[in-house]
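Now for the letters of each chain:
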Amino acid sequence: MKIDESISIYLFILLIGIIVWACLLFYKKYMYLKEENRILKEKEDELRHLATTDFLTQLYNRRYCIETGEKLFQLAVRKERPISVIIFDIDDFKEVNDTYGHKVGDAVLVSLGIKLSRNSRVSDIICRFGGEEFVILLPDTSLQDAFLIAEKLRNLIADVEIKLPQKSLNVTVSMGIASIDFTKDMGIEDIIKRADSALYVAKNAGKNRVETF
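Everything quoted here is computed from the prediction, not taken from an experiment. (Residues numbered from 1 in each chain as written. Predicted model: local features only at pLDDT ≥ 70, side-chain atom pairs only at ≥ 80, totals over all residues. Heavy atoms only, no water.)

Q: Tell me what's going on with the sheet that holds strand β1 (residues 83-90), and back it up with residues and numbers.
A: Spatial strand order, β2-β3-β1-β6-β7: five strands in an open sheet with mixed pairing. Lying at the two open borders of the sheet, with one neighbouring strand each, are β2 (125-130) and β7 (210-212). Across the sheet, the mean angle separating the axes of adjacent strands is 20 degrees when strand polarity is ignored. One ladder, built from seven bridges, connects β1 with strand β6 (residues 173-179); its direction is antiparallel. For Asp 89, the partnering residue across the bridge sits in β6 and is Ser 174. Sheet strands in contact with helix α4 (residues 102-118) are β1, β2 and β3 (133-139), and its direction is about 155 degrees off that of β1. Against the sheet, helix α6 (residues 188-204) touches β1, β2, β3, β6 and β7, its axis set at about 140 degrees to β6. (Pairing = 2+ DSSP bridges. Helix = DSSP H or I, 4+ residues; strand = E, 2+ residues; numbered from the N terminus. Axes fitted to C-alpha atoms, helices over the stretch in contact; angles between N-to-C directions. Contact = heavy atoms within 4.5 Å.)

Right, here's the structure in full:
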């Protein structure tokens, strides 16, 4: 009887050991897979960031602007809500590059990106559209409200000082604004084109100003 009890105890201990070993093995496997998933998600997030973000200013890029803008536009149409677009570029930016070099030109773009990010609403989509040109998508914003936002940003940008070895550099921007027109069959790119037409007017009217379509 004592021998049977000893065998039973031994088998019980052995079974517990096997269970503990299996649990540890399962836990290690679980932690390994969890870490693999974390690394994979980080890589996916990095790739998504690279695909949608301008490397210099860290603002959204043109591709993201068009794709997200079209979604916002369709939502605005369905809900019959306003949506506006501001497009602007830096006045005489070529002269900045030619006079001070592309490093200073890049510093201007970076400073501008920071200023825009810190002084825009959470809902606004700020994009570097190309070169020294920027686009801001403004959901639930009328043309009149977009004008006030543009004027505020134009004045803020004019106050940005780029520190150079011998002096400080200030730049100005010209802006064009357009809003959704529910009477027309259009998309977000049509609004951007209208805003760009208004920007052209601002340039010809003397720069450092805001014009609406």
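Q: Describe the pattern of salt bridges, and please don't skip the residues or the numbers.
A: One pass over the structure, following the stated rule, counts 11 salt bridges. A salt bridge links Asp 140 to Arg 81, with the shortest nitrogen-to-oxygen separation between them at 3.0 Å. Residue Asp 140 is located in the loop between β3 and α5 (143-158), and its partner Arg 81 is located in the loop between α2 (62-79) and β1; the two are separated by 59 residues in the primary sequence. Classification of Arg 81 as partly exposed rests on a relative accessible area of 41%. Across the salt bridge formed by Asp 98 and Lys 94, the nearest N and O atoms sit 2.7 Å from each other. (Salt bridge = Lys/Arg side-chain N within 4 Å of Asp/Glu carboxyl O. Buried < 20%, exposed > 50% of the residue type's maximum accessible area, 1.4 Å probe, protein only.)

Q: Any details on the packing of aromatic side chains? Residues and values, ideally.
A: Per the stated rule, a full pass over the model turns up two aromatic pairs. With a centroid separation of 5.4 Å and an interplanar angle of 15 degrees, the aromatic rings of Phe 88 and Phe 134 are classed as stacked. With Phe 88 in strand β1 and Phe 134 in strand β3, this residue pair connects regions lying 46 residues apart in the sequence. The buried category is assigned to Phe 88, whose relative accessible area is 0%. Lying over the aromatic face of Phe 129, Arg 62 brings its terminal NZ or CZ to 4.0 Å of the ring centre. (Phe/Tyr/Trp six-rings, centres within 6.5 Å; stacked < 30°, edge-to-face > 60°. Lys NZ or Arg CZ within 6 Å of the ring centre and 35° of its normal.)

Q: Explain unusual backbone geometry to me, using residue names and the numbers behind them.
A: The residue Glu 80 is not glycine, and still its phi comes out positive at about 50 degrees. You can see Glu 80 is positioned in the loop between α2 and β1. Unlike most non-glycine residues, Lys 207 shows phi in positive territory, near 70 degrees. Mapped onto the fold, Lys 207 is located in the loop between α6 and β7. Relative accessible area serves as the criterion here: at 31%, Lys 207 is assigned to the partly exposed category.

Q: For the nonpolar core, give the residues involved together with the corresponding values.
A: Ranked by internal contacts, the top residues of the largest apolar core, which has 29 residues, are Phe 88, Val 108, Leu 116 and Met 175. Elements supplying a minimum of two residues to this core: β1, α3 (93-100), α4, β3, α5 and β6. Examining the composition of this core, we find that five residues originate from one element, α4, more than from any other. Setting aside its immediate chain neighbours within four residues, Val 108 contacts Ile 90, Phe 93, Val 96, Ile 162, Leu 169 and Val 171. Grouped together as the second largest cluster of nonpolar side chains are 21 residues, Cys 65, Phe 73, Cys 127 and Leu 137 included. (Core = buried A, V, L, I, M, F, W, Y, C linked by side-chain atoms within 4.5 Å.)

Q: Before we move on, can you summarise α5 with the specific residues and values?
A: An ideal rise of 1.5 Å per residue puts 22 Å on 16 residues; α5 measures up with 22 Å between its terminal C-alpha atoms. Contact partners of the buried residues in α5: β1, α4, β3, β6 and β7. (Expected span 1.5 Å × (residues − 1).)

Q: Explain the environment of Leu 143 residue by residue, including any values.
A: Within the secondary structure, Leu 143 sits in helix α5. A sequence separation of 78 residues divides Leu 143 from Cys 65, and the C-alpha atoms of the two residues are 19 Å apart.

Q: Go over the pairing of β2 with me, naming the residues and quoting the values.
A: With five of six residues buried, β2 lies mostly within the body of the structure. In this antiparallel pair of consecutive strands, β2 and β3, the connection spans two residues, and Gly 131 shows a positive phi of 60 degrees.

Q: Could you give an account of α6, with specific residues and numbers?
A: The terminal C-alpha atoms of α6, which comprises 17 residues, lie 25 Å apart, in line with the 24 Å expected from a rise of 1.5 Å per residue. Residues Ile 188, Ile 191, Ile 192, Arg 194, Ala 195, Ala 198, Leu 199 and Ala 202 constitute the buried set of α6. One side of α6 holds all its buried residues, which, seen down the axis, span an arc of 160 degrees. Seen from the open side of α6, the exposed residues pointing more than 90 degrees away from its buried face are Lys 193, Tyr 200 and Asn 204. Check the buried side of α6 and you find it contacts α2, β1, β2, β3, β6 and β7. Looking one or two residues past α6, Gly 206 carries a phi angle of roughly 125 degrees, positive in sign. (Arc of directions from axis to C-beta.)

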